[in-house]
Amino acid sequence: MTTFYLVRHGRTEYNRDGRLQGAVHDSPLLPQSIADAKQTGKALADIDFVAAFSSPQKRALDTGKNIVAQFKQPLQFETLDDLKEFDFGIWDGDLATKHQADRIWQTFLNDPHNFDGSEIKAENYFELATRVKRALTQIAKRYPKGNVLVTAHALVITFGVKYLLGKDLNTIRREGLVANTSVTVLEVKDKATFELLKWNDTTHLKKI
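Here the structure is a predicted model, which is why all the values come from computation and not from measurement.

Undergrad: Lay out the pattern of salt bridges in plain terms, naming residues and giving numbers.
TA: Enumeration according to the criterion identifies 13 salt bridges in this entry. With a closest N to O distance of 2.8 Å, Asp-26 and Arg-59 form a salt bridge. Within this pair, whereas Asp-26 is found in the loop between helix H1 (13-17) and helix H2 (31-44), its partner Arg-59 is found in helix H3 (residues 58-68), the two being separated by 33 residues in sequence. Note on Asp-26: relative accessible area 28%, which makes it partly exposed.

Written out as structure tokens, the structure is:
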């Protein structure tokens, strides 16, 4: 049985500024986010992890490295492209307010099932959910027993986990995204059975 501990990266400069930060663009973690990642590491330090995976994007990898730096035993990250954030295409890096009135943006926010990103060279939600499912399934196959740490992104964790749990895309979006440096715990009982043990938990950050 594989148990995933999925942590969203810490808040970044682009998050602060309201910019779209997808699979292409990256920005540094804010100082408080580094402290948050370290606190997350302290909260997870007593868990015996058999492996650690991350998106190759720097904000996720830096968050992960600050987490495992709090562990007694060293843990090296393996990066997977399938864990990259949603690809916003030519909009990646733009201020979100620039596109608020655009029908494409409104569909992205309110109707994921019918979102077609091809016009802006973006991926769609089905593509995102499918690749994240592929990543987590492959990891579970490699590590069928034990705890696995994964550091990734808001849309990756939110849609990847809930898609595995059988929720439809529009419902997932309405229920909201995971917070920065939150912990979500997903248990894989077999190839087709998943159980959500913890969702979007930030209680460890209140101890700072």
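Undergrad: Explain the sheet that holds strand S4 (residues 146-152) residue by residue, including any values.
TA: Taken in spatial order, the six strands line up as S3-S2-S4-S1-S5-S6 in an open sheet, and their pairing is mixed. For this open sheet the edge positions go to strand S3 (77-79) and strand S6 (193-201), each flanked by a neighbour on one side alone. Pairwise comparison of adjacent strand axes, ignoring direction, gives a mean angle of 20° for this sheet. Across the sheet, H3 is in contact with strand S1 (2-8), strand S2 (49-54), S3 and S4; its angle to S4 comes to roughly 140°.

Undergrad: Which residues make up the side chain of Asp-94, and what values go with them?
TA: Position of Asp-94 relative to the elements: it lies in the loop between S3 and helix H4 (103-110). Since its relative accessible area comes to 17%, Asp-94 is described here as buried. A polar contact of 2.8 Å, which involves the side chain of Asp-94, links it to the side chain of His-99.

Undergrad: I'd love a proper account of the nonpolar core, names of residues and values included.
TA: Core analysis: the biggest nonpolar cluster contains 39 residues, and Phe-4, Leu-6, Phe-53, Phe-108, Val-150 and Leu-155 have the highest contact counts within it. Considering every element that reaches this core, the biggest residue donor is helix H5 (residues 125-142), with seven residues. Those residues in contact with Phe-53 that sit more than four places away from it in its chain are Phe-77, Glu-78, Leu-80, Leu-83, Ile-139, Arg-142, Tyr-143, Val-148, Leu-149, Val-150 and Thr-151. Counting 15 residues, the second largest nonpolar core, distinct from the first, contains Val-7, Phe-49, Leu-61 and Phe-77.

Undergrad: Give me the lowdown on the packing of aromatic side chains, citing residues and values where you can.
TA: Enumeration over the complete set of coordinates arrives at 14 aromatic pairs. With a centroid separation of 5.4 Å and 65° between ring planes, the pair formed by Phe-88 and Phe-108 is classed as edge-to-face. Within this pair, whereas Phe-88 is found in the loop between S3 and H4, its partner Phe-108 is found in helix H4, the two being separated by 20 residues in sequence. For the pair formed by Phe-88 and Phe-108, the shared burial category is buried. Taken together, a centroid distance of 5.3 Å and an interplanar angle of 25° make the contact between Phe-108 and Tyr-125 stacked.

Reading the values: rules and limits
- Residues numbered from 1 in each chain as written.
- Predicted model: local features only at pLDDT ≥ 70, side-chain atom pairs only at ≥ 80, totals over all residues.
- Heavy atoms only, no water.
- Salt bridge = Lys/Arg side-chain N within 4 Å of Asp/Glu carboxyl O.
- Helix = DSSP H or I, 4+ residues; strand = E, 2+ residues; numbered from the N terminus.
- Buried < 20%, exposed > 50% of the residue type's maximum accessible area, 1.4 Å probe, protein only.
- Pairing = 2+ DSSP bridges.
- Axes fitted to C-alpha atoms, helices over the stretch in contact; angles between N-to-C directions.
- Contact = heavy atoms within 4.5 Å.
- Polar contact = N/O pair within 3.5 Å; in protein donor to acceptor, adjacent residues only side chain to side chain.
- Core = buried A, V, L, I, M, F, W, Y, C linked by side-chain atoms within 4.5 Å.
- Phe/Tyr/Trp six-rings, centres within 6.5 Å; stacked < 30°, edge-to-face > 60°.

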